[in-house]
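# An overview of the molecular structure
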Amino acid sequence: GEGSELLSLMVCCKAKGDPFWSLVHTLPMDGPSRAAQYILHILVPLEAAVPATIWITEPGEARLAAKANTEGVRPFLEEAQENIRARRVGLPVGSMAPVAERQVRAFSELMADAFLGTRFVPRLGRAPVAEFERLGYRDKVFVALESALRTAWGASDEACRSAAGSVQTGGAALACAVSDPCAQDCPLVYISSGFESLTGFRASWALGRNCRFLQPQQAGHAPVAINRGEVDRLRGFCKAGSGSVIAMLLNEAADGHFFWNLLFMQHLFLDSAGHGISPHYIFAMQTEVTTPDLSQLILRSWDSGVGPYRLQ
């Protein structure tokens, strides 16, 4: 409004295309006459580098990274900006540079490995993963699911209780995962060795991230259209907080090959052992549907203009 000022954290661009972070203090100024008013912008450049994941510099051209990346990044950048504004109360603008530097460096650390191609999958769940492991919830999950694992997937009692987490049936490790729906971005807190074998993603990379890294990324619009209904249904299930669901998804492994994933998911509440609210997790079982070359056939047909397809 009139007479107000604004403190912003922005990515600016030099004449040669190099990006830099800057605090921008914007405030109105009266001109020489009552009818004239100006706006003064004071830039305070920061030393932290702009992550390459959000800015691409090419010869003669500097531009923001792909729109999908920018859309995914925006909430985290806005959070950093809001933290700076909130901590500025009663302080001069110049003293906010160290605060902004800390916010930008934390943001840059998050962005460093937040993208898998065009998919935005930042590791936001380090704390939930640590808690899941520290409190021994992995074993409690498989004890709670012992009956279902035995009857539906033929897992042995010993495998269900395995402290190593290598749940097996018929000598093959089951592909399963556990996520925390109460944490930001519903991060994975456990994956089995079977999940690693099926998808090619190792626990050291996957834990703490949302499982959307399995969604195809470089096949035009076909996978998006094929998975759209199922993905929407799964999002609704995660928000519902109870029950179970089965879905069929076209997923992409770490090495780039596509596979059909028959996915079972179930909300699970563990025994709180008298410590208040029961821990809430989502258990997921992945089963590859080995229809020969079906995924590639659909993708080639889509690219040739035959699609779209609807899974029945």
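Whatever comes next refers back to the structure up there.
Bear in mind that the values here come from a model prediction, so they are computed numbers and not experimental data.

### As for the overall build of the chain
Across its full length, the chain carries 10 helices and 14 strands. Out of the 312 residues belonging to the chain, those deemed buried represent 43%. Of the contacts formed within the chain by residues at least 6 apart in sequence, a portion of 50% connects residues at least 24 apart. By element, 55% of the accessible surface of the chain is carried by carbon and sulfur atoms, the whole surface being about 16,900 Å².

### Some points on unusual backbone geometry
Residue Asp185 is not a glycine yet carries a positive backbone phi of 70°. Here Cys186, not a glycine, exhibits a phi torsion of approximately 45°, which is positive. By the secondary structure assignment, Cys186 is in the loop between strand S10 (175–179) and strand S11 (188–191).

### Some points on a nonpolar patch on the surface
Taken together, the side chains of Met29, Tyr38, Leu40 and Ile42 present a nonpolar region at the surface, about 350 Å² in accessible area. If you tally residues by element for the nonpolar patch, the top one is strand S3 (residues 37–45), at 3 residues. Mapped onto the elements, Leu40 comes out in strand S3.

### Here we look at the environment of Lys140
Looking at the secondary structure, you find Lys140 in helix H4 (residues 137–144). Taking the C-alpha atoms as reference points, Lys140 and Leu270, separated by 130 residues in sequence, lie 7.1 Å from one another. When neighbours within four sequence positions are excluded, Lys140 is seen to be in contact with Leu135, Leu270 and Asp271.

### Quick word on the packing of aromatic side chains
Applying the stated criterion across every chain yields a total of 10 aromatic pairs. Ring centres 5.7 Å apart and planes at 90° place the aromatic pair Trp21 and Phe107 in the edge-to-face group. Highlighted residues: Trp21 in strand S2 (residues 19–30) and Phe107 in helix H2 (residues 97–111), separated in sequence by 86 residues. You can call Trp21 buried: its relative accessible area is 0%. A ring pair is formed by Phe115 and Phe120, whose centres lie 5.0 Å apart and whose planes are at 45°; its orientation type is tilted. Each member of the pair, Phe115 together with Phe120, is buried. Pairwise contacts between aromatic rings join Phe132, Tyr137 and Tyr281 into one cluster. Here Arg209 stacks its cationic end above the ring of Trp205, 4.1 Å away from the centre of that ring.

### So, the pattern of salt bridges
Counted under the stated rule, the structure contains 6 salt bridges. Across the pair Asp185 and Arg212 runs a salt bridge, and its minimum N-O distance is 3.0 Å. Of this pair, Asp185 sits in the loop between S10 and S11 while Arg212 sits in the loop between helix H8 (203–206) and helix H9 (222–240), and the two are 27 residues apart along the sequence. Judged by relative accessible area, Asp185 falls into the partly exposed class, the value being 26%.

### Details of the pairing of strand S12 (residues 244–252)
Pairing of S12 with strand S13 (residues 258–269) involves 9 bridges; the strand directions are antiparallel. Across the sheet, the residue bridging to Met248 is Leu262, located in S13. The hairpin formed by S12 and S13 contains 5 residues between the paired strands, and Gly256 there has a positive phi angle of roughly 95°.

### A few points about the side chain of Ser8
The residue Ser8 is located in strand S1 (residues 6–13) in this model. Leave out the neighbours within four places in its chain, and Ser8 touches Ser22, Leu23 and Val24.

### Describing the sheet that holds S13
The strand order across the open sheet formed by 5 strands is S11-S10-S14-S13-S12, and the pairing between neighbours is antiparallel. Of all strands in the sheet, those with a lone pairing partner are S11 and S12, marking the two edges. Averaged over neighbouring strand pairs, the angle between their axes works out to 25° when direction is ignored. Relative to S11, S10 runs antiparallel, the two sharing 3 bridges. Residue Ala177 lies in a different strand from S11, and its bridge partner there is Ile191. Strands S10, S11 and strand S14 (280–289) of the sheet are contacted by helix H3 (residues 126–134), whose axis makes an angle of about 50° with S11.

### Description of H2
Over its 15 residues, H2 extends 21 Å from the first C-alpha to the last, a length consistent with the 21 Å expected when each residue adds 1.5 Å. All of the buried residues along H2 are Ala97, Val99, Ala100, Glu101, Gln103, Val104, Phe107, Ser108, Leu110 and Met111.

About the cut-offs
Here the residue index of a chain counts from 1 through its sequence in written order. Predicted model: local features are reported for residues with pLDDT of at least 70 only, side-chain atom pairs are reported and counted for 80 or more only, and whole-chain, interface and lining totals are derived from all residues. Heavy atoms from the whole structure form the basis of all side-chain values; hydrogens and water molecules are not counted. Numbering of helices and strands starts at the N terminus; helices are DSSP runs of H or I of at least 4 residues and strands are runs of E of at least 2. Remark: exposure states derive from per-residue accessible area (1.4 Å probe, protein chains only) relative to the maximum for the residue type, with buried under 20%, exposed over 50%, and partly exposed in between. Residue contacts are defined here by distance: any two heavy atoms, one from each residue, within 4.5 Å place the two residues in contact. Areas reported here follow the Shrake-Rupley algorithm with a probe of radius 1.4 Å; residue values treat only the protein chains shown as occluding. By definition, no residue in a patch forms a salt bridge, and every one has over 30% relative accessible area; like charges are joined within 9 Å, nonpolar side chains (Val, Leu, Ile, Met, Phe, Trp, Tyr) within 5 Å. What makes a salt bridge here is a side-chain nitrogen of Lys or Arg within 4 Å of a carboxyl oxygen of Asp or Glu, nothing more. Pairs were defined over the aromatic rings of Phe, Tyr and Trp, the Trp ring being its six-membered one, requiring ring centres within 6.5 Å. Orientation was assigned from the angle between planes: stacked under 30 degrees, edge-to-face over 60, tilted for the rest. Any Lys NZ or Arg CZ that is within 6 Å of a ring centre and within 35 degrees of that ring's normal is treated as a charge sitting over the ring. Any two strands between which DSSP finds at least two bridges are classified as paired. Axis lines are fitted through C-alpha atoms, for helices just across the contact stretch, and the angle between N-to-C directions can take any value from 0 to 180 degrees. Expected span of a helix, by definition, is 1.5 Å for each gap between consecutive residues, and there is one gap fewer than residues.

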